[in-house]
Amino acid sequence: MSTLTLSNPPRSTARRASSEWLALPLAGIALLALVILLALPLIAILGQAVHDPDTGVWGLSQVAPILASPALVQQVKNSIAVALTTSLIVLPLAYGFAAALTRSAMPAKGLFRALALIPLLAPSLLPGIALVYLFGNQGVLKGLFPDGIYGFWGIVIGEAFYTFPHALMILVTALSVADGRLYEAATALGAGRVRQFFTVTLPSVRFGLISAAMVVFTLVITDFGVPKVIGGQYNVLALEAYKQVIGQQNFPRGAVIGVLLLLPALFSFAIDHFAQRRQQALLTARAQPLQLRRQPLRDALAFLFCTLTGGALLVILGTAVAAALIKLWPYNLSLTFDHFDFSNVDGGGAQAFVNSLKMSALTALFGTLLVFGAAWLTEKVGVARRLQRPLHLLAMLPMAVPGLVLGLGYVFFFNEPANPLHGLYGTMTILVLCSIAHFYTTAHLTAVTALRQLDREFEAVSASLQVPFWLTAWRVTLPVCLPAVLDVARYFFVATMTTVSAVIFLYTPDTALASVSVLNMDDAGDTAAAAAMATLIVAASATACLLFAALQWLLLRRTQRWRNPG
Amino acid sequence: MNPSAGRNRYQNTAPQALNKRTVENAKAPMHRDLPESLTMNSTPYLSLSGIQKRFGAHTALSGIDLTIRQGEFVCLLGPSGCGKTTLLRIIAGLEGMDSGRIARDGRDIGRLPPAARDYGIVFQSYALFPNLTVAQNIAYGLTGRREDKDRRVTELLALIGLPAIAGKYPAQLSGGQQQRVALARALATSPGLLLLDEPLSALDAQVREHLRGEIKALQRQLGVTTIMVTHDQEEALTMADRVVVMNHGVIEQIGTPEQIYRQPASRFVADFVGQCNWLTGTVLSPGQLRVGDGIVSAPAASEFASGTQVELFLRPEDVQINPRWEPSPNSALAEVQQIELLGSLYRLTLSVPQWGNLPLLADISHRQLVQLAIGDGQRLPVQLPAASLRCFGTAEAA
């Protein structure tokens, strides 16, 4: 048979991929959703800050007196002192840990990495509670802090626990992109280890260090969970905003402080953005991965360092778990599950935990859909690509907006009776929407990175073969991006499960949340119950991580055989 | 079914092409057909007119006019950034044009979406779907009954000479195999037009050379009109029926490979498609020029007025080395400065004192090198065949 007489290819001419025009309105809807979920609430809080409700005058008339009050000046100073001290403690620790993970040949790296990320599974209130049990008035190690843990050092230690994994992840990334050839060249030129550190290592990670410092600083400045639990009389800015709104219902003053909190966040966002761009330029395509050789002394030191740091993290987590299980600290040390019965305490009890699970699951589901849908349309589908830039800009915004500010913005925007979306206020829906917006940036970046790893001509090839764009998404794009999809869903779930900052202004008695109830129970003096709820949150987050890992493993085995073909 | 039919067919046609070529022009360096000798109708199949494309302040394409006949293999050749890929993407509908018209079989397709244009495309990266098997990749654009699809895939795998790889994933294939699978996928729906965007540039030199022949043979066998973008002049010269040389968004020359190589229309084309010698001279009288202290006659210069400065162009293989010095037109003594082995031939770098110490490249065969006993520093009589000299005004050369 001659190959010249080819059979007629089976193909229907009726099927056309001209359905592509659909992509533009779809991407437009996603963009509109982000405008409503992000831009408008922010505009609302800015408006609130510069609008005097009594006189109806727009301007800085009400801002000036608030800024000038001595109490606020002191709070600003306190916030900066805490943030700077925490950064100075966390950065060296995280750098050492990251260096041990990436630049040594020590054993059990996977275990240490998992250990270091534990704080991500817990609400920021957990370290506060643990510190009370460790160093508080009846603490085990009370003697270490004779003046009491409540105040500056309590906040710093709690924040250090809370921010450690954030700094670590950035530094691990920065340290992973080493060019082995540079070290070989330095060695060949006779540079010693100290000189190599200052001439090769430090320049390559300095932007990572800046970035990590900015993240830690911003997280500390905007967090009110730790100061709420362990701050005592030491008042910081974020806590003040929370008190103004929740305690005194003074929304204008809360708005002004919120906008104030936006400033360091925006500043560090700008610096970080700049640093990231420079960091990327450092890694050339010809870089050779660093070859790690065993060095007993270095590896032993690295192992010791990681054991101590990781051990400290474990002690804090373990204390909270122990607090949840011990009958009555310090008088009756027998174990009990009584504290997990929340029926006699404030804060919503077991229903709050169920609500949190529901909110996290819904956020994971719809957040992943929105993030991947929007990223896919604007990255891959011809006509929708013109919306790529505005979408990206909006998607980067949440990183610069503290949850507290976002939550206040939601109050001002959705609680406005004239708003047609007013009906959402006080529902589970608004909690989910707020959480999606709050954690959008990281999810978006993950999605975009995964999508950009795909050959950019897949859609062009499909169009030439007259296959509609959504079929290619289903058959190729989604299967190839599946690990990233699961990553994003897991991230949404865990972040939503542990968050306090944005949702604390939005929940109602019907939609009480686990992380918020930790705060309320602690406030009411039910510290053991708070510890129990915090433990439940950690357990739920950890279970979710394990489930996602199992799901990923199963899917990789079942449908992703092409990744490692035999 | 003969899995290697494509290759066999090419081997059958190649000697004929060689014979024809030998009759027409004994010096022709390439063994290939002229497009006129192909059985094709000469009405334009695809015609582009006045295509204009800007990216911000940068003009990517301006005033592109091109007609392509049914069954023709056209190469868009040029350096990176010349607009050749943009032009291909405009033809494919992947990029919009600012103005201009694209007609196919008389029908305006310039504003149609890619899916409505009926073409197959192979990208430099191949863009094979990594999570689909070879068979699934090839069948991607096919619709209808499963057995029809399977039959078609089997045929195409046989056509590309890889019958046994249907169940493999792209990551399991070599670069050359991936390239052929991408080609099969593009051809699966029997498109009227095949677009190839630098399809060979990601491959090793040997595989590339082999696939050149395969693709060309396949294209001729199927008679599919093909446009290939490449920056490799050798690829363009060996594969194309016609070559379109582009630079800075405009077409410099359209012609058969012979025309492009032997009669470049501009200094850019001459430089881009091969090595050349450039001699700066002043026209003395029609056909006579002063180069350095010598006189060179070149009929091609007769269209230039006396006193104008011109540049003479000559390929290194056209420089003639004589066994002994005889006073004859366009001859001079040259000193050998460097001898370089290029593989099948030697390239001499010569310096000619009489022509103003002009550096001159000359390609000679191994046999010639031995016969003339050429060595470093030696003096050789060289001659420039007047008929081979082409002449460009210096304004154009600048």
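Residues numbered from 1 in each chain as written. Chains lettered and ligands numbered in written order. Predicted model: local features only at pLDDT ≥ 70, side-chain atom pairs only at ≥ 80, totals over all residues. Heavy atoms only, no water.

Enquirer: Would you mind showing me how to read the overall build of chain A here?
Expert: The number of helices and strands found in chain A is 21 helices and two strands. Taking 566 residues into account, the globule formula puts the C-alpha radius of gyration at 24 Å, and chain A, at 26 Å, falls close to it. Per-residue burial for chain A yields a buried fraction of 54% across its 566 residues. Sequence-distant contacts, at least 24 apart, represent 80% of the contacts inside chain A between residues at least 6 apart. For chain A, the separation between the mean place of its 35 positive charges and that of its 24 negative charges on side chains is 17 Å. (Helix = DSSP H or I, 4+ residues; strand = E, 2+ residues; numbered from the N terminus. Rg over C-alpha atoms; globule rule 2.2 N^0.38 Å. Buried < 20%, exposed > 50% of the residue type's maximum accessible area, 1.4 Å probe, protein only. Contact = heavy atoms within 4.5 Å. Lys, Arg positive; Asp, Glu negative; His and termini not counted. Charge placed at Lys NZ, Arg CZ, Asp CG, Glu CD.)

Enquirer: Help me understand the pattern of salt bridges, please; the structure alone is not making it clear to me.
Expert: Once their charged atoms are close, side chains differing in charge can pair, the charge on each being opposite to the other. All names here are of chain A. What the rule picks out here adds up to 27 salt bridges over all chains. With its nearest N and O atoms 2.6 Å apart, the salt bridge here joins Asp-523 to Lys-228. Placement of the pair is Asp-523 in helix α20 (residues 514-523) and Lys-228 in helix α9 (residues 225-230), with a sequence separation of 295 residues. Taking relative accessible area as the criterion, Lys-228 reaches 18% and is therefore assigned buried. (Salt bridge = Lys/Arg side-chain N within 4 Å of Asp/Glu carboxyl O.)

Enquirer: Help me out: how do you make sense of the domain arrangement of chain A in this one?
Expert: Interface size, as often reported, equals the accessible area lost upon joining of the parts. All names here are of chain A. The domain architecture assigned to chain A consists of domain 1 (19-66 + 347-566) and domain 2 (69-279 + 294-336). Taking only C-alpha atoms, the centre of domain 1 and the centre of domain 2 are 24 Å apart. With 42 residues of domain 1 in contact, the opposing surface of domain 2 contributes 38 residues. When domain 1 packs against domain 2, close to 3,400 Å² is buried across both sides, 81% of that on carbon and sulfur atoms. Interface area lost by domain 1 to domain 2 is led by Ile-66, Leu-404 and Leu-519, which between them contribute 19%. The interface formed by domain 1 and domain 2 holds one salt bridge in total. Taken together, the links from domain 1 to domain 2 amount to four residue pairs in polar contact (both at pLDDT 80 or more). Secondary-structure elements contributing two or more residues to the side of domain 1 that touches domain 2 are α1 (23-49), α2 (63-68), α14 (388-400), α15 (403-414), α19 (469-498), α20 and α21 (527-559). Partitioning the side of domain 1 that touches domain 2 into residue classes produces 32 nonpolar, eight polar and two charged. (Domains from an automatic or database assignment. Buried area = accessible area lost by both parts, 1.4 Å probe. Polar contact = N/O pair within 3.5 Å; in protein donor to acceptor, adjacent residues only side chain to side chain. Nonpolar A, V, L, I, M, F, W, Y, C, P; charged D, E, K, R; others polar.)

Enquirer: Got a minute to help me understand the nonpolar core in this structure?
Expert: Generally speaking, nonpolar side chains in soluble globular proteins are found buried as a group. The biggest cluster of nonpolar side chains holds 211 residues, and the ones touching the most others in it are A:Leu126, A:Tyr410, B:Leu46, B:Ile51, B:Leu87, B:Leu195 and B:Ile227. Considering each element in turn, this core owes the most residues, 15 residues, to α19(A). In this structure B:Ile227 touches B:Leu46, B:Ile68, B:Val74, B:Leu76, B:Leu88, B:Ile91, B:Leu193, B:Leu194, B:Leu195 and B:Leu196, once residues within four positions along its chain are discounted. Within the second largest apolar cluster, 44 residues are counted, among which are B:Leu162, B:Val181, B:Leu211 and B:Met239. (Core = buried A, V, L, I, M, F, W, Y, C linked by side-chain atoms within 4.5 Å.)

Enquirer: Help me understand the pairing of strand β3 (residues 73-77) of chain B in this model?
Expert: Two faces belong to every sheet, and in a regular strand the side chains alternate between them. Residues and elements named next belong to chain B. Extensive coverage of β3 is indicated by the burial of five of its five residues. Covered by surrounding structure in β3 are Phe-73, Cys-75 and Leu-77 together with Val-74 and Leu-76, the residues of both alternating faces. The pairing of β3 with strand β8 (residues 225-230) spans five bridges and is classified as parallel. Its bridge partner being in β8, Val-74 is matched across the sheet by Ile-227. Taken together, the four bridges between β3 and strand β9 (residues 242-247) define a ladder with parallel strand orientation. Bridged to Cys-75 within β9 is Val-243. (Pairing = 2+ DSSP bridges.)

Enquirer: Quick question: what am I supposed to make of a nonpolar patch on the surface here?
Expert: Judged by side-chain polarity, A:Trp21, A:Leu22, A:Leu26 and A:Ile29 come together as a nonpolar surface patch covering roughly 440 Å² of accessible area. As for its position among the elements, A:Leu22 is in the segment before α1. (Patch = residues over 30% accessible without salt bridge, like charges linked within 9 Å, V, L, I, M, F, W, Y side chains within 5 Å. Areas by Shrake-Rupley, 256 points an atom, 1.4 Å probe, with all protein chains shown as cover.)

Enquirer: Quick question: what am I supposed to make of helix α5 (residues 125-135) of chain A here?
Expert: Each α-helix winds once per 3.6 residues, and so residues spaced three or four apart point in a common direction. Residues and elements named next belong to chain A. Among the 11 residues that make up α5, 11 are buried, leaving the element largely enclosed by the rest of the structure. Every buried residue of α5 is listed here: Leu-125, Leu-126, Pro-127, Gly-128, Ile-129, Ala-130, Leu-131, Val-132, Tyr-133, Leu-134 and Phe-135. In the core, the buried residues of α5 are packed alongside α6 (152-176), α9, α12 (296-325), α20 and α21.

Enquirer: Please clarify how the domain arrangement of chain B should be interpreted in this entry.
Expert: All names here are of chain B. According to the domain assignment, chain B consists of domain 1 (5-119 + 191-270) and domain 2 (275-397). The interface is formed by 10 residues belonging to domain 1 together with 11 residues belonging to domain 2. A combined buried area of about 1,000 Å² lies between domain 1 and domain 2, and 43% of that area is made up of carbon and sulfur atoms. Applying the counting criterion to the domain 1 and domain 2 interface returns two salt bridges. Viewed at the interface, domain 2 and domain 1 are joined by six residue pairs in polar contact (both at pLDDT 80 or more). Of all the secondary-structure elements, those providing two or more residues to the side of domain 1 that touches domain 2 are α8 (257-262) and α9 (267-272).

Enquirer: In this structure, what is going on with unusual backbone geometry? I would like to understand it.
Expert: The general pattern is negative phi for most residues beyond glycine and trans for most peptide bonds. All names here are of chain B. Notably, Ala-127 is not glycine yet its phi reads approximately 50 degrees, a positive angle. Along the chain, the position of Ala-127 falls in the loop between β6 (120-122) and α3 (134-138). For Ala-127, a relative accessible area of 1% corresponds to the buried category. Positioned with a positive phi, Ser-190 is a non-glycine residue whose angle comes to about 50 degrees. Structurally, Ser-190 is set in the loop between α5 (175-187) and β7 (193-197).

Enquirer: What is the right way to look at the confidence of the model for chain A in this model?
Expert: If pLDDT is low for a region, its predicted coordinates should not be looked at in detail. Residue and element names in this part refer to chain A. Across chain A, the average pLDDT comes to 87, with 94% of residues at 70 or higher. Averaged over each element, pLDDT in chain A is lowest for helix α11 (residues 251-282) (79) and highest for helix α16 (residues 428-438) (96). Overall, residues 1-5 carries pLDDT values under 50, and its contacts beyond four positions in sequence, including any with other chains, amount to 11 contacts. Low pLDDT (under 50) marks residues 11-17, which in the prediction has 22 contacts with non-local residues, meaning those over four places away or in another chain. (pLDDT = per-residue confidence, 0-100.)

Enquirer: Mind showing me how you'd approach the sheet that holds β3(B) here?
Expert: The pairing of strands in a sheet comes from backbone hydrogen bonds and takes either a parallel or an antiparallel form. Residue and element names in this part refer to chain B. Pairing is mixed in the open sheet, where six strands are placed in the order β6-β7-β8-β3-β9-β10. Among the strands making up the open sheet, the edge pair consists of β6 and β10 (250-255). Pairs of neighbouring strands in the sheet enclose a mean axial angle of 15 degrees, with direction left out of account. Strand contacts of helix α2 (residues 84-92): β3, β6, β7, β8 and β9, with the helix running at about 150 degrees to β7, the strand carrying the most contacts. (Axes fitted to C-alpha atoms, helices over the stretch in contact; angles between N-to-C directions.)

Enquirer: For this particular structure, what's the right way to read the packing of helix α13 (residues 349-380) of chain A against α19(A)?
Expert: Relative orientation and spacing of two packed helices are given, respectively, by the angle between their axes and the distance between those axes. All names here are of chain A. In contact at an axis separation of 8 Å, α13 and α19 are set at 145 degrees when each is read in the N-to-C sense. Regarding α13 and α19, the two cross each other, and that crossing is right-handed. Considered class by class, the residues forming the contact of α13 with α19 number 20 nonpolar, seven polar and no charged. (Left-handed = near helix turned anticlockwise from the far one by under 90°.)

Enquirer: Looking at this structure, I do not really get the environment of A:Leu313. What am I missing?
Expert: Looking at where A:Leu313 falls in the secondary structure, it is placed in helix α12. Not counting the four nearest positions on each side in its chain, A:Leu313 is found in contact with A:Leu115, A:Ala116, A:Pro119, A:Phe161 and A:Phe164.

Enquirer: Would you take a moment to explain the side chain of A:Thr535 for this structure?
Expert: All names here are of chain A. By secondary structure assignment, the location of Thr-535 is in helix α21. The exposure class of Thr-535 is buried, given its relative accessible area of 13%. Engagement of the side chain of Thr-535 in a polar contact is seen with the backbone oxygen of Ala-531, the distance being 2.7 Å. Non-local contacts of Thr-535, meaning those with residues more than four positions away in its chain, are made with Ala-320, Val-321, Ala-324 and Phe-340.

Enquirer: Any chance you could explain helix α4 (residues 146-159) of chain B here in plain terms?
Expert: All names here are of chain B. The end-to-end C-alpha distance of α4, which contains 14 residues, comes to 20 Å, matching closely the 20 Å that a straight helix rising 1.5 Å per residue would cover. Looking only at α4, the buried set comprises Asp-148, Arg-152, Val-153, Glu-155, Leu-156, Leu-157, Ala-158 and Leu-159. Summarising the contacts, the buried residues of α4 are in contact with α3, α5 and α6 (205-222). In the segment just after α4, Gly-161 is the residue with positive phi, at about 75 degrees. (Expected span 1.5 Å × (residues − 1).)

Enquirer: Looking at this model, I keep getting lost on the environment of B:Asp241. Mind explaining?
Expert: On the secondary structure map, B:Asp241 appears in the loop between α7 (233-239) and β9. Since its relative accessible area comes to 0%, B:Asp241 is described here as buried.

Enquirer: Looking at this structure, how should I read the side chain of A:Ser464?
Expert: You can see A:Ser464 is positioned in helix α18 (residues 458-464). A distance of 2.8 Å separates the side chain of A:Ser464 from the backbone oxygen of A:Val461, its partner in a polar contact.

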